[in-house]
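Geometric and topological summary
Here are the chains, one letter per residue:
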Amino acid sequence: MDFQHYLARRPPDYADTNALGRCLRAMVEAGLDRLPLPGSGHTLERFQRLSEVGGHDLGLCKLYEGHTDALAIIEQLGGTPTPGSTWGMWAAEPPQARVKVTPAGHMVSLNGRKAWCSGAAVLSHALLTAWDADGQQQLVAVALDQPGVTITDQGWQAVGMAATGSVEVLFDNAEAQAIGNPGDYLQRPGFWQGGIGIAACWYGASRRIAEGLRQHCAQRDEPHALAHLGATDTALQAAADVLRFSALQIDAQPEADAELLARRARAVVEQSAEQVMREVGRALGAGPFCQDRHFARLSADLPVFLRQSHAERDLAALGQQIAGQSCEVWAL
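Residues numbered from 1 in each chain as written. Predicted model: local features only at pLDDT ≥ 70, side-chain atom pairs only at ≥ 80, totals over all residues. Heavy atoms only, no water.

**Some words on the side chain of Q137**
With respect to the element layout, Q137 can be found in strand 5 (residues 137-143). In contact with Q137, other than residues within four places in its own chain, are E93, T129, A130, W131, P182, G183, Y185 and L186. (Helix = DSSP H or I, 4+ residues; strand = E, 2+ residues; numbered from the N terminus. Contact = heavy atoms within 4.5 Å.)

**Observations regarding the packing of aromatic side chains**
The full count for this structure, using the stated rule, is 4 aromatic pairs. Ring geometry for W116 and W156: centres 6.1 Å apart, planes at 85 degrees, overall edge-to-face. Placement of the pair is W116 in strand 3 (residues 107-117) and W156 in the loop between strand 6 (149-151) and strand 7 (167-179), with a sequence separation of 40 residues. Judged by relative accessible area, which is 17%, W156 ranks as buried. Aromatic side chains Y185 and F191 sit 5.3 Å apart centroid to centroid with 80 degrees between the ring planes, which places their arrangement in the edge-to-face category. Exposure remark for Y185: the relative accessible area of 10% places this residue in the buried category. Through successive ring pairs, a cluster of aromatic residues spans Y185, F191 and W192. The ring centre of W131 lies 4.0 Å from the NZ or CZ of R98, which sits over that ring. (Phe/Tyr/Trp six-rings, centres within 6.5 Å; stacked < 30°, edge-to-face > 60°. Buried < 20%, exposed > 50% of the residue type's maximum accessible area, 1.4 Å probe, protein only. Lys NZ or Arg CZ within 6 Å of the ring centre and 35° of its normal.)

Take a look at the structure:
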């Protein structure tokens, strides 16, 4: 089935985690999670699909992006996901919530607490980062329907992105499978390539929020609203251009270090999204926030999803990379 046609048939009102889980499972059953891998020659198509889901519903997009990212990582590192499974990709590492893996080897046991586990209550499996006895990060795949896994209701009091159910999960001698070798998660080229996929989700929501302003201006000749639309257009065009360029670069050099590419792309798309929200809100006033359910949900969810970026910390890391290079880094 055509991707856009499928989404058009499903009203974007997934009020709770269970509804998101049902929709994700339906998408898996329809084969709509089989995206081109980053660097496969069709990376732009991958970004386009993520963008389309982002414009449909950001809660669903969070689960869909995590699932498709997990599938890509497993394939890149030589694993095979269970057919029909739905996956979380849980890599947050706050100091108070770490999972330990023992012993070293293919089949391992997990113990500890994992935070920010989106969709934990409705997914069948998770790919997550854990730590071995040598202090190295190890990626592991775990089935969530086993006695050693406890999905809590802790750590999530969100309004925006509330339906993702990004709670804390406890592991008590849970069985898991090591994926790749220690350190592979961060060292593989796909790590930074996947980070640009997150930006594609932000872009999709921004574009959909902007559509309300475009429609408004198509019906009313209001100079101030038109000025806001012009500013919105330039922001979205910059974001779209950098996503297209990033996809071309990844496909041209799939094994290259994509950190600089990803940091730039994420910064441009984040700034674009923030400008779009500002321009559209100032142009349209309170009306769509209060009377348009789809617009209101996207507008509540997007600021939360954007904070998957670390703002000035990410910009400082980008600046550090640029500082050591020549001015040719900005050449046309």
